[in-house]
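Listed below, chain by chain, are the residues.
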Amino acid sequence: MKNSLPSINDLNPNLWVDKHSDYLFNYTIVRVNDTEIAKDLISETFLAGLKSINSFKGKASERTWLIAILKRKIIDHYRKINSKKGKAEVRINYSEDSEIDWLEEKVSDPYIKNAEDRIQNHELGFAIFNCLDKLKEKQARIFKMKTIDNMDTESICKEFNISPSNLWVIIHRARKDMAACLKENWF
Amino acid sequence: MKCEKAGHLSDKDQYKEASFWEKIKLVSHILFCKFCREYVKNNKRLSEVFKESDLKTMTRSDKLKIKKRLYEEILK
């Protein structure tokens, strides 16, 4: 019987990382709010996944399994922070009569979005990833580079060794498929 | 202009790569073409959805670092 489960010998980290890292990154960034920490946690997640690849039963999808590992990494991260609590000293430089200034600074902080917005964005992000997964590998990569990373046409063409008209055909198909996929819930 | 071309111009427009004349051509086409009008509408909405989602990707060099670590681990 052919065993279709991945083992350490047939695992291709190139594909693995390309397939899942953006998804994991978005999952992490809403939870830890720090790019560097997010990158570390994802790197650790892949390593942990690699080490325990033989225990992966294939009951869940590869990604669900990686998310389960990542969740534990995130919890560990917060545990570590908490254990450092009390050692850190937090200084707040506002006196009582400058409360107004404080409020103004608070509301002008672009990073504080309202919670509903964030949850909404988060769900939308998942919907987008689910639709991206339905595209062909190369098509998805090119589309992401163009649409999320805002890379220019020329550099993408160079990297994939394709002509601009090839690129636009790929983008056209991807946009059509993505629109159709997202239409039901998000249009 | 054929619909295929109109679709292409609409795509370019979503990435701000359509010239002034290309935009004029597109607008005059969709004025009379219901099919392309629908495509342009969906296409714009798709761009909005991506903007709203505020998705981030990891940079290529960050991905490369992770790949290297994984390869090292496999070769151990």
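Look up: the structure comes first, before these words.
**Description of the pattern of salt bridges**
- Counted under the stated rule, the structure contains 15 salt bridges over all chains.
- Across the pair A:Glu159 and B:Arg60 runs a salt bridge whose closest N-O atoms are separated by 2.6 Å. Placement of A:Glu159 in helix H7 (residues 153–160) and of B:Arg60 in helix H4 (residues 60–75) is noted, with the two residues assigned to different chains.
- Take A:Glu159: its relative accessible area is 33%, and that puts it in the partly exposed class.
- According to the relative accessible area criterion, B:Arg60 is partly exposed, its value standing at 48%.

**Focus: the packing of helix H6 (residues 137–147) of chain A against H7(A)**
Residues and elements named next belong to chain A.
- It is at 10 Å that the axes of H6 and H7 come closest, and there the two elements cross at 155 degrees. The pairing of H6 with H7 is recorded here as roughly antiparallel in orientation. Crossing angle aside, the handedness with which H6 passes H7 is right-handed. Counting all contacts with H6, which are made through Lys138, Arg141, Ile142, Met145 and Lys146, the residues of H7 involved are Thr153, Ile156, Glu159 and Phe160.
- Split into classes, the residues belonging to the contact of H6 with H7 amount to 4 nonpolar, 1 polar and 4 charged.

**So, the interface of chain B and chain A**
- Contact with chain B, which involves 33 residues of that partner, is made by 46 residues of chain A.
- Contact between chain B and chain A buries roughly 3,800 Å² in total, counting both sides, with carbon and sulfur atoms accounting for 64%.
- Taken together, the links from chain B to chain A amount to 6 salt bridges.
- The shortest N-O distance in the salt bridge between B:Glu38 and A:Lys183 comes to 3.5 Å.
- Where chain B touches chain A, the interface holds 16 residue pairs in polar contact (both at pLDDT 80 or more).
- Looking at the side of chain B that touches chain A element by element, the count peaks at 11 residues for helix H3 (residues 34–53) of chain B.

Cut-off values and rules
- Residues numbered from 1 in each chain as written.
- Chains lettered and ligands numbered in written order.
- Predicted model: local features only at pLDDT ≥ 70, side-chain atom pairs only at ≥ 80, totals over all residues.
- Heavy atoms only, no water.
- Salt bridge = Lys/Arg side-chain N within 4 Å of Asp/Glu carboxyl O.
- Helix = DSSP H or I, 4+ residues; strand = E, 2+ residues; numbered from the N terminus.
- Buried < 20%, exposed > 50% of the residue type's maximum accessible area, 1.4 Å probe, protein only.
- Axes fitted to C-alpha atoms, helices over the stretch in contact; angles between N-to-C directions.
- Parallel < 35°, antiparallel > 145°, perpendicular 65-115°, else oblique.
- Left-handed = near helix turned anticlockwise from the far one by under 90°.
- Contact = heavy atoms within 4.5 Å.
- Nonpolar A, V, L, I, M, F, W, Y, C, P; charged D, E, K, R; others polar.
- Buried area = accessible area lost by both parts, 1.4 Å probe.
- Polar contact = N/O pair within 3.5 Å; in protein donor to acceptor, adjacent residues only side chain to side chain.

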